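Now for the letters of each chain:
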Amino acid sequence: MAQMGRAAVMTSADGRIEMREYPLPDVAEGCILAKVNCCTICGSDVHSWAGSRPVPLPIILGHEIVGTIVRCGPGVSHDCNDTPLRVGDRITWTLMDSCGRCYYCRIAGLPMKCRHLKKYGHDSCGQPPHFLGGFSEYCYITPGTCCFKLPDNLPDEVAAPANCALSTVIAAWEAVGLSPFENVLIQGAGALGIYGAALARHYGCNRIIVSDILDHRLDFIKNFGVTDLLNTNDMNQEEIIDQIQAVTEGKGVDCILESAGIPDLIPLGLKCLRKGGRYAEVGCVFPRAQFQSDAFDLVSKMITVKGVHNYDARHLHKAVHFLHATQDRFPFHKIITHRIQLEDVATGLNIAKSGEAIRVAVIP
Ligand SMILES: [Zn+2]
């Protein structure tokens, strides 16, 4: 009988999750079977589970994964950093598999929008190879994915959010061309905001302002290079803008990262930018995120708005390097505030949804 692996499977649109067993697949050419060491719960997993965006059923959610190679298919020899890969190596991998041949992969430079895109934790597990998400004992990695061997001293829990939260923020700062000595506002002190602040500090930014409405989140993020904390809970729009002006010589910030996923933060952010400022929108990863804005703010202030959804392999490459280089400087290990077992994924999703956790780790 084939060897089996267990997974926490979402089986209905109302978020029912049950444990299922599937046979481990044969490993085809260019593919890898990894044992999942750790998978952190991303905000988008919560959106999928809570029904705010449609997903194919049944599905194994989870895409912020670190695993250990248990089988390599023929032709697997090196990772995307040209490092040899062997059974027993710990790896992270891009959350998407792109074909490398279509218009978006080859011409537009947007492999995350590949015409044949597959994403871990986003596709149905109903058919073999089944193991396509992180809330599982195993994950089957297909050839259009970019893998990276992890440095020995980079812990699983530190590395897990690299392939979604951290890589996305690296892509976002790149998209708006964040430069040394600039002033930034980060709207939202969750995991994306934490990485956004640490990166801005690492890149040599000047004022790194973070806004949120939860004191415990602001208290946590101050260890990640932040210079100014703004609890906007009891502030009106004018007070927020005044505060930003006060710490930026009356100009407003150069760049903003919206990572809270609250569409109404966008028009407010446009008013907090300096003339010629750049706005990176990454938080609203669900449909019908409506906002109302004055286009005159865009025109008269010559503002650039960039939507950033996922990332390219080079951003994950940088993410691993960044964590490795700065893990002694920033307390990334504390981002995992809760640990749960595979059987308790529903509990973990509830904790993540409540806002009580920074990141919940599922340890199969
Ligand atoms: Zn994610």
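Residues numbered from 1 in each chain as written. Predicted model: local features only at pLDDT ≥ 70, side-chain atom pairs only at ≥ 80, totals over all residues. Heavy atoms only, no water.

1. A word on the nonpolar core
In this structure, Leu166, Trp173, Tyr195 and Phe332 are the most contacted members of the largest nonpolar core, which totals 59 residues. Counting residues per element, this core draws most heavily on helix α5 (residues 191-202), at eight residues. Taken together, domain 1 (4-163 + 311-362) and domain 2 (166-307) each give at least three residues to this core, which thus spans both. With residues near it in sequence (within four places) discarded, Phe332 still touches Val158, Tyr195, Ala198, Phe224, Phe322, Leu323, Thr326 and Gln327. Val36, Trp49, Leu61 and Ile65 belong to the second largest nonpolar core, which has 42 residues in total. (Core = buried A, V, L, I, M, F, W, Y, C linked by side-chain atoms within 4.5 Å. Buried < 20%, exposed > 50% of the residue type's maximum accessible area, 1.4 Å probe, protein only. Helix = DSSP H or I, 4+ residues; strand = E, 2+ residues; numbered from the N terminus. Domains from an automatic or database assignment. Contact = heavy atoms within 4.5 Å.)

2. Re the packing of aromatic side chains
The way to describe two aromatic rings as a pair is by their centre distance and the angle between their planes. Following the criterion strictly, the structure yields 10 aromatic pairs and no others. Ring geometry for Trp93 against Tyr120: centres 6.4 Å apart, planes inclined by 75 degrees, an arrangement best described as edge-to-face. With a gap of 27 residues between them, Trp93 in strand β5 (residues 90-93) and Tyr120 in the loop between β7 (118-119) and β8 (138-141) connect regions that are remote in the sequence. The same class applies to Trp93 as to Tyr120, namely buried. Here Phe322 and Phe332 contribute two aromatic rings whose centre-to-centre distance is 5.8 Å and whose plane-to-plane angle is 65 degrees, an arrangement assigned as edge-to-face. Of this pair, Phe322 sits in helix α10 (residues 313-326) while Phe332 sits in the loop between α10 and β16 (336-340), and the two are 10 residues apart along the sequence. Ring pairing ties together the aromatic residues Tyr195, Phe220, Phe224, Phe322, Phe330 and Phe332, which thus form one cluster. Here Lys35 stacks its cationic end above the ring of Tyr138, 5.0 Å away from the centre of that ring. (Phe/Tyr/Trp six-rings, centres within 6.5 Å; stacked < 30°, edge-to-face > 60°. Lys NZ or Arg CZ within 6 Å of the ring centre and 35° of its normal.)

3. Thoughts on a nonpolar patch on the surface
A contiguous nonpolar patch, built from Tyr103, Tyr104, Ile107 and Leu110 and spanning about 410 Å² of accessible area, is present on the exposed surface. One can find Leu110 in the loop between α2 (103-106) and β7. (Patch = residues over 30% accessible without salt bridge, like charges linked within 9 Å, V, L, I, M, F, W, Y side chains within 5 Å. Areas by Shrake-Rupley, 256 points an atom, 1.4 Å probe, with all protein chains shown as cover. Salt bridge = Lys/Arg side-chain N within 4 Å of Asp/Glu carboxyl O.)

4. Concerning helix α8 (residues 265-272)
Buried residues dominate α8, accounting for seven of its eight residues. Looking only at α8, the buried set comprises Leu265, Ile266, Pro267, Leu268, Gly269, Leu270 and Cys272. Structurally, α8 contributes buried residues whose contacts are with β10 (184-187), α7 (237-246), β13 (253-258), β14 (273-281), α9 (295-300) and β15 (304-307).

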